[in-house]
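Topology and contacts: notes
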Amino acid sequence: MWARGLGDRVTCCSLSTTAASRKHNPTSCHASIAALTGPTRQPHFSFFFLESLSLPLWSRPSFLARCFCQRHERMAELEGLEFGKSDFVLLDEVTMEQFMENLKLRFEKGRIYTYIGEVVVSVNPYRQMDIYGKETIEAYRGRELYENPPHLYAVSDAAYKAMKRRAKDTCIVISGESGAGKTEASKYIMQYIAAITNPGQRAEVESVKNVLLKSNCVLEAFGNAKTNRNDNSSRFGKYMDINFNFNGDPTGGHINNYLLEKSRVVHQQEGERNFHSFYQLLRGGSEEMLQSLHLQGDPAVYAFTREGAAAATSNNDRQNHKAVMSALDVIGFSNQEITSIYQILASILLLGSVQFEEEGESVQIVEDGVVNHIAELTATDPDCVVKSLLYRTVATGGGEVIEKGHTEQDACFGREAFAKALYERLFGWIVSRINSVIEVKDYNPVLHGKNTVIGVLDIYGFEIFDNNSFEQFCINYCNEKLQQLFIELILQQEQSEYQREGITWQHIDYFNNQIIVDLVEQPHKGIISILDEACLTVGKVTDTVCLESMNTKLGQHPHYTSRKLSPTDKTMDFQKHFRIRHYAGDVTYSVEGFLDKNKDLLFQDFKRLMYNSANPVLKEMWPDGQLGITEVTKRPLTAATLFKNSIVALVDKLACKEPYYVRCIKPNEMKSPVLFDDARCQHQVAYLGLLENVMVRRAGFAYRQLYSRFLQRYKMTCEYTWPNHLMASDRDAVEAIITQHGFQDDVAFGHTKLFVRTPRSLFTLEQERAALIPILVLFLQKIWRGALARLRCKRMRAIYTIMGCYKRYKVKAHFWEVESRFANVRTTADYGKSVEWPAPPAALTQFHQITLMLHRRWWARQVVKNIPPSDMPEVRAKVAALTALQGERKHWGVGRAWERDYLANARDSPQTSSDFIRVSKELKNKDGFAQVVFSSLCRKVNRFNKSTDRALLITDKFVYKLEPKKQYKILKKLPLELFTGLSTTSGVDQMLVLHTSNKDDVLLCLQRGELCPNQDRVGEVVGSLVDYFTRVKRKPFPVKVHRSALQLHMRGKPKSVSVETRPGQTIADFKKNRDGFVLLLPAN
Ligand SMILES: Nc1ncnc2c1ncn2[C@@H]1O[C@H](COP(=O)(O)OP(=O)(O)OP(=O)(O)O)[C@@H](O)[C@H]1O
Ligand SMILES: [Mg+2]
């Protein structure tokens, strides 16, 4: 419940926020949010989120300041009222007078563009305007329509944005009559798109852009001509698709061309010119080039260019020739291809110079030289050229082939048809060659995303000449179709959609030109059908017969008339003229030549001639020349039907795209920059249906969208709808967004769609959305990073749990193994000493060492337990010796029984033991020692540095030196405490130094009795003394084992004793030397 309550509060808050932000006071709204929410309540998620989103945004004064300042600056840039209304929708009253007044005012003030909503009305200024520069492009880049004065750039940007934002294919349809400025507009649009894309300057995109731009120059040279209405009139229709990748950069394109007015190649009306390309070649081609093409640099020389040779034109042929040559090069035409193009142009010009004369029955060519040049230029055999011009090959019924000579008239017809076809195929080939360069290559929708398209349509405008022929008929039909599309999309669909959606709507009437379209294209009854039927009829059907047929079939049609149907109308001739009341005005067509042009007959011989050319470029243009003479082919479609089909396909193509319109108006017939011909302009405004457009627009809505799509796009701008709404329907949710922004008066709610009247509201939503998106992205990143981190953490925890379990298992397994291996060691003989320990896991290394030690101790304990007490002193002494010697002395008598008191041992000293035992007893009584630690005979160095045999008796109180030869007379008695340590060697000698605290050490070498003369007794002395001192006296008794000379002091002086083996030495004996002494040992 409280969430709802809070929601209510938040609504007021947000509304007040919007209001606050309008007053440029961002901080107050922040404060009001804080005041409303209070600290105690847990925030509702969406609110909490919005708050977290909105705080940084709203509380950033710089952000809002920037937004609003920019908007104000832009508004300031918009034109003042002295320039009229920049959008016809703003007219006070929608009347023709006001419309024209505004259009004229703007034209006179140099404001050539005016909107009707998103449609741009453009008036040809007939002068260079300073409104297409870099700065202007920058000003329009990424801006909304109403932010800047009306401009082509604004619609271009709108089409581009729609394409980029919504991945929608869009198209810009430019319409208007001949000379109204369509081609110029299409070029500015392309320039704009090129300028705003590819900010990263990627080379491949730049090259695509370059080719797209340069292609204009080439196509204009070959497809445009001076007419009486326009010095640079497009004589073909052009629809260009520009493909974009997901980044919005152009990746390629495709050009569709429609019906080139090829009759112009051989014939031009008075004051008109052939296609620019001919004059460019003749006037701009170098001397050398013209020579190689067998041409003279004067258009007046050639039949096909003579009419236009003198025509004054604003075209600079010489300069344009250079530009075309360089554009061909940039686009990627090879040198051979460029040469071929000009060879074909030259051939056409020369064909015009071929003349025929009748010689009796047959027809001859007046001058052979020209034919030879044509043959050379087309890389064909001159005889074949002559043959093709004078004869036609006909297959008879029986499969035979005969050559039929032309009449002079046939020959002229054939020559002209050939010249026209050559040019038409050349033009088609140039377009396809450009297409092959700019087509999107290696496109993979999975990898590159949706490939979106902007189409730009620049087609020949509606035209009325003094003499209107088949071409004008086609061109005007095409304009009817485009007008129909405009009506359908802008007037009809729009109104029926309001009806469908249940929007209150006052229907606006308009003229629907479908009836004229039907007049031309309806099956069986339409003009094209009648023409086709006449062409199919065997026998001599003339143009007049065809006109009769039209009169019969279309006599009742309100948009068709002829002299026969209106005999009083002297502007038409009998059997020659018919008139169609087009949407843009009445056009009187001369039926002469209609059938021939519709049949578009070209003798097969020319096709074969060209296919057999040695020039591969030419051959490529004539693939149908490979058909054998006797091969029967299906009757080809007529020119009118082909054209109709291509225009129907074009309209279908346009209809599935989001259209943007540029409606061009021609202000006068004089090409004057100052003249505004009211009647002419009003006529154009009327037939273009612009006034109806304003009415529908004014009453209508600029934008509509399905509720679900609208919600999807703008739901983040409202706390009730983000991230998901809890309302009954999407419609309610959309209403919440609209209410929150205060746009209720600017919208209408249809059954399935929301209708927004002004683009401004939408722009506000767009702007808010654009500001929220980065924060949303950050938020999503935060959540996602959090999710990733949690996932990682979970995984780590799982890893540690597994590791813990495994470790525990390893530890337990080790315990079990140790337990099983050592289970019975108590009963084995070695108490488990031979049992191999299992390798412990790393965690039990210390434990393993401790258990190892424990077992050793236990094992030792078991061993020691079994030792009889009488043996214990010996064992202790041995343990002490082992510890003291630290493995330094290899032989130390561990393996034998230690007797200790060797002098009292009868087996060791059989002769003297009894004497010694007596002396020892006396001493024991006298000095009160408790036990003999060690006794033995020895060789000892005396204080005169002489060595003598002595007896050594070590007791627990004194150390005695005895004279063995005098019944063990006491020579010296030293208290045991005097001794501080012992030194010995690592060898087998029995030398010992007993160190004393008064630095008068005792140096001796033990002698062995008869028990075993070789046994080692040094270890025994060491063990006995160390054990006694450490265990009984609890004093350390350091033992030093020397590998080389022993160090000692005698009477305070340092001495060194080395050991030497000497042959001939019978007993071990000391000898004095410089450093002290040397112990000489017997050799064995
Ligand atoms: N925006 C413009 N600025 C300056 N001059 C312009 C502009 N638009 C058109 N013109 C002038 O008008 C002439 C005719 O324009 P353009 O060739 O574009 O007409 P069009 O509508 O394509 O005619 P057609 O149907 O015969 O091809 C141009 O050659 C140019 O001199
Ligand atoms: Mg044009």
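Our structure's up above, just so we're on the same page.
Read on for an overview of the structure. (Residues numbered from 1 in each chain as written. Chains lettered and ligands numbered in written order. Predicted model: local features only at pLDDT ≥ 70, side-chain atom pairs only at ≥ 80, totals over all residues. Heavy atoms only, no water.)

Re a nonpolar patch on the surface
The following threshold applies: In this scheme, patches are assembled from residues that exceed 30% relative accessible area and form no salt bridge. Like charges are connected within 9 Å, while nonpolar side chains (Val, Leu, Ile, Met, Phe, Trp, Tyr) are connected within 5 Å. Per-residue and other accessible areas were derived by the Shrake-Rupley procedure at a 1.4 Å probe size, with only the shown protein chains allowed to occlude residues. Just to be clear on terms, a salt bridge is a Lys or Arg side-chain nitrogen sitting within 4 Å of an Asp or Glu carboxyl oxygen. Secondary structure follows DSSP: runs of H or I at least 4 residues long count as helices, runs of E at least 2 residues long count as strands, and numbering of each begins at the N terminus. Burial classes follow relative accessibility: with a 1.4 Å probe on protein chains only, a residue under 20% of its type's maximum area counts as buried, one over 50% as exposed, and anything between as partly exposed.
A surface patch of nonpolar side chains, amounting to about 380 Å² of accessible area, comprises Met796, Ile799, Tyr800 and Met803. Relative to the elements of secondary structure, Met803 occurs in helix H31 (residues 759-822). With relative accessibility at 36%, the residue Met803 sits in the partly exposed group.

Things to note about the coordination of the magnesium ion (ligand 2)
Cut-off, in case you're wondering: Donor criterion used throughout: N, O or S atom within 2.8 Å of the metal, extended to 3.2 Å for Na, K and Ca. Water excluded; incomplete-looking sites may result.
Protein ligation of the magnesium ion (ligand 2) involves Thr183 (OG1) and Ser234 (OG), the donor distances falling in the range 1.9 to 2.1 Å. Pair noted here: Thr183 is in helix H8 (residues 182-196) and Ser234 is in strand S5 (residues 233-234), with a separation of 51 residues, a long-range link.

A word on the nonpolar core
The nonpolar side chains of a soluble globular protein tend to be buried with one another. Stated formally: The criterion is simple. A nonpolar core is a set of buried Ala, Val, Leu, Ile, Met, Phe, Trp, Tyr and Cys residues joined through side-chain atoms within 4.5 Å. Residue contacts follow a heavy-atom distance rule, with two residues in contact if any of their heavy atoms lie within 4.5 Å.
Core analysis: the biggest nonpolar cluster contains 109 residues, and Phe222 and Leu295 have the highest contact counts within it. Take this core: its biggest share by element is 14 residues, from helix H17 (residues 408-438). Those residues in contact with Leu295, other than ones at most four positions away along the chain, are Leu281, Leu282, Leu290, Tyr302, Ala346, Leu349 and Leu350. Residues Met100, Val119, Tyr258 and Ala639 belong to the second largest nonpolar core, which totals 83 residues.

Describing the sheet that holds strand S18 (residues 747-749)
Note the following rule: Strand pairing follows a simple DSSP-based rule, namely that at least 2 bridges must link the two strands. Working convention: axes come from line fits to C-alpha atoms, limited for helices to the stretch in contact. Angles between N-to-C directions cover 0 to 180 degrees.
Read from one edge to the other, the open sheet built from 3 strands follows the order S17-S19-S18, with strand pairing classed as antiparallel. Two strands lie at the open edges of the sheet, namely strand S17 (703-706) and S18, each paired on one side alone. In this sheet, adjacent strand axes meet at a mean angle of 20° when their direction is disregarded. Relative to strand S19 (residues 753-756), S18 is paired through 3 bridges, and the arrangement is antiparallel. Bridging from a neighbouring strand, Ala748 pairs with Phe755 of S19. Contacts from helix H29 (residues 707-714) reach S17, S18 and S19 within the one sheet, and its direction differs from that of S17 by about 100°.

Overview of the pattern of salt bridges
Evaluated as defined, the whole model comprises 57 salt bridges. Residues Arg425 and Asp624 are paired through a salt bridge, measuring 2.7 Å at the closest nitrogen-oxygen approach. Of this pair, Arg425 sits in helix H17 while Asp624 sits in the loop between helix H25 (616-621) and helix H26 (639-655), and the two are 199 residues apart along the sequence. A salt bridge links Arg581 to Asp586; the nearest nitrogen and oxygen atoms lie 3.1 Å apart.

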